[in-house]
Amino acid sequence: MRGIGPLCGEGVIGMPHGAKVWQGGLGCEMSVWKYITQSRFWKSIYRNPYPRDRRTRAMVVLNSLALHLHPVRVPVRATRITYTWGLGGLATWTFVLLTLTGVFLMWYYIPTTEDAYWTIVKLETGVMFGSFLRNMHRWAAHAMVIAVILHMTRVFYTGAYKPPRDFNWVIGVSLLLVTLLLSFSGYLLPWDQLAYWAISVGMEMGGATPLIGKQVRMALLGGFEIGQQTLIRWYTLHVIFLPLSTILLMATHFWRVRKDGNISTPVYEDDDEEKRRAVERRRQARG
Amino acid sequence: MATDAQRSQATGQTDDLLRTVDEEELKPVHVWPRLVSVELIGALVMTLLLSIMAIFVRAPFYRMADPELTPNPSKAPWYFLGLQELLLHMHPALAGVIVPGAVLVLLGAIPYIDRSKKGTGIWFYSKKGVPITIFSAIYTTIWNLGLIFVDEWLPAGDSAGIAPWLKMHGFSDAFAEIFVPIVFMTFIPFSLWVIVRRRWQADIRECMIAMYTFFLASFFVLTIIGTAFRGEGMALVWPWEIPYPPHGKE
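Residues numbered from 1 in each chain as written. Chains lettered and ligands numbered in written order. Predicted model: local features only at pLDDT ≥ 70, side-chain atom pairs only at ≥ 80, totals over all residues. Heavy atoms only, no water.

## Concerning the packing of helix α9 (residues 166–188) of chain A against helix α10 (residues 193–207) of chain A
Residue and element names in this part refer to chain A. Rule in force here: Simply put, an axis is a line fit to the C-alpha atoms, just over the touching stretch for a helix, and the angle between two N-to-C directions goes from 0 to 180 degrees. Numbering of helices and strands runs from the N terminus, with a helix taken as a DSSP run of H or I at least four residues long and a strand as a DSSP run of E at least two residues long. By the definition adopted for this analysis, an angle is roughly parallel if under 35 degrees, roughly antiparallel if over 145, roughly perpendicular if from 65 to 115, and oblique otherwise. By definition, residues are in contact when any of their heavy atoms lie within 4.5 Å.
Running from N to C, α9 and α10 cross one another at 130 degrees; their axes reach a closest spacing of 7 Å. As summarised for this structure, α9 and α10 are arranged oblique, according to the angle between their axes. Only Leu194, Ala195, Tyr196, Ala198, Ile199 and Gly202 of α10 make contact with α9, whose side of the interface consists of Phe184, Tyr187 and Leu188.

As structure tokens, this is what we get:
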């Protein structure tokens, strides 16, 4: 039996003093921790020990799917709230919250004009945490729109859209559009008065497209008026197409952040000035 | 500990870029734990605030959709109320499609107009950045509010507004609803650009700051007016005069 569990002292199984593990004593609790973290299973997940020195702090970022979006090291300023306000991260996090609460809502929601409204009534009154999670989904959606607009504003006023980050700014503008569409497409789904009339205002606007107004209206409504076809179109956009587009755009956005030199640091000269200075330096060096 | 100011003196630079970023601030630190902890705290605070809000504030849910019962006013979600506000003042094709489309294209075009990388990573770029931002915000707000008020109250026979007034004086619909709004919407940013260039000798980046501020301030003003100051028949009213609940009487 020995050798299976390298636990407190000499191992727990069959050892009389092994009982100490559960009875307290810091040393022994630490050993439980050690038992877990030294198991083959744990090590197969986390390849390096808890990051405490330079090497392991680099390794933890490089070896983790979630963390490898970051570089290993960033300027102190990137960690300051007053530079980025964490807005891009918060927008991403609201998207995660929206996905989680959204899946929960999908368990109960039925996208038909007869059922949609009543499934939400049922969700609000008869489902544990139903009302809480629906509220959360709604407020997180508004929070995401606000976070995205503020993030864009932060990036603008810090000049962080400038080359080489120019194309990533364009992706960011697309993300703004997709965020607005995500929020707007979700607006119709409760099928209450607010939803119905907000969408009809939106359709009026879309229908005013020059030259192809009728076609646009038809495509958005799936018919001549808001009905079952409209609901299913907007539902599909809301739960599949737009989230997938967002994920794809976000992945590109984050990847480009890394490829374009990570978080922006101050640049005081444009290319011409830099070149001129370099030429000057070379001339001085020649004497 | 050389500050940027000292460094700029040493290199003999004379431009007026804001050099508020300390060299110390650019020293690299490990993402773990410095950045990861900040991100974790941010996510936790956000989750906590949203949870508290979800507990205490119910998401709006009115009675079932009824195509027969048009609420007055009928409004889009708040982030489109700026566009809905525009809809009151111009041709629907302009307000609903062309203006938002143009805004998106122009936003995307910003880095291709302002192509220099000078000023990256500096809040408000130069010493002129903040004054230009403040001036642009005030200038835009005054124009927006002025036009909204004139378009609301300019008497034109039975109705009121700039387009009805023009039509009353024999101008065509297209002139009143398309041409004139386009003139205003281009004149305001154009005049702002000219003022900023003359008054501050602004470079391209500073002009861009003026343009983005024009966009942002317009978005704010129109959204706030559309959300809180438009009541029955989309008439200009005080926020407490807007009928509630919005779908009419139960």
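## Focus: the domain arrangement of chain B
The line we're drawing: Note that the domain bounds were set by an automatic or database domain assignment.
Per the domain assignment, the segments making up chain B are domain 1 (4–56) and domain 2 (78–229). On a C-alpha basis, the centroid separation for the pair domain 1 of chain B and domain 2 of chain B is 32 Å.

## Observations concerning the side chain of A:Thr56
Residues and elements named next belong to chain A. Note the cut-off: Here's how the labels work: a residue is buried when its accessible area is under 20% of the maximum for its type, exposed when over 50%, partly exposed in between, all with a 1.4 Å probe on protein chains only.
Topologically, Thr56 is positioned in helix α4 (residues 54–62). By relative accessible area, Thr56 is classed as buried at 5%. Beyond its immediate stretch of four places on either side in the chain, Thr56 contacts Asn48, Pro49, Tyr50 and Pro51.

## Focus: α10(A)
Keep this limit in mind: To estimate the expected span of a helix, subtract one from its residue number and multiply by 1.5 Å.
In a regular helix each residue adds 1.5 Å, so 15 residues correspond to 21 Å; α10(A) covers 21 Å between its end C-alpha atoms and thus fits that length. Of all 15 residues in α10(A), 13 are buried, a share of seventy percent or more.

## Looking at the interface of chain B and chain A
Quick note on the threshold: Buried area adds together the accessible area that both of two parts lose upon being put together, with accessible area traced by a 1.4 Å probe. Whenever a carboxyl oxygen of Asp or Glu lies within 4 Å of a side-chain nitrogen of Lys or Arg, that contact is scored as a salt bridge. We define a polar contact as two N or O atoms separated by no more than 3.5 Å, with the added condition that, inside protein, one atom must be a possible hydrogen donor and the other a possible acceptor, whereas residues neighbouring each other in sequence contribute only through side-chain atom pairs. All amino acids are sorted into three groups, where Ala, Val, Leu, Ile, Met, Phe, Trp, Tyr, Cys and Pro are nonpolar, Asp, Glu, Lys and Arg are charged, and the leftover types, Gly among them, are polar. Two strands make a pair as long as DSSP finds a minimum of two bridges between them.
Chain B puts 91 residues into the contact, and the matching count from chain A is 94 residues. Regarding the contact of chain B and chain A, the summed buried area is about 8300 Å², with carbon and sulfur atoms giving 69% of it. The largest contributions to the chain B side of the interface with chain A come from B:Trp32, B:Phe61 and B:Trp123, which together make up 10% of the buried area. Put simply, chain B and chain A have 3 salt bridges between them. Residue A:Lys162 is joined to B:Asp114 by a salt bridge in which the shortest nitrogen-to-oxygen separation is 3.0 Å. At the boundary of chain B with chain A, the tally comes to 43 residue pairs in polar contact (both at pLDDT 80 or more). Of all the secondary structure elements, the ones that give two or more residues to the side of chain B that touches chain A are α1 (4–11), β1 (28–30), α2 (31–56), α3 (81–87), α4 (92–113) and α8 (204–228) of chain B. At 17 residues, α2(B) tops the list of elements feeding residues into the side of chain B that touches chain A. Across the side of chain B that touches chain A, the residue classes break down as 55 nonpolar, 18 polar and 18 charged. Relative to β1(B), strand β1 (residues 73–75) of chain A runs antiparallel, the two sharing 3 bridges. Looking at β1(B), one finds that A:Val74 is bridged to B:Val29.

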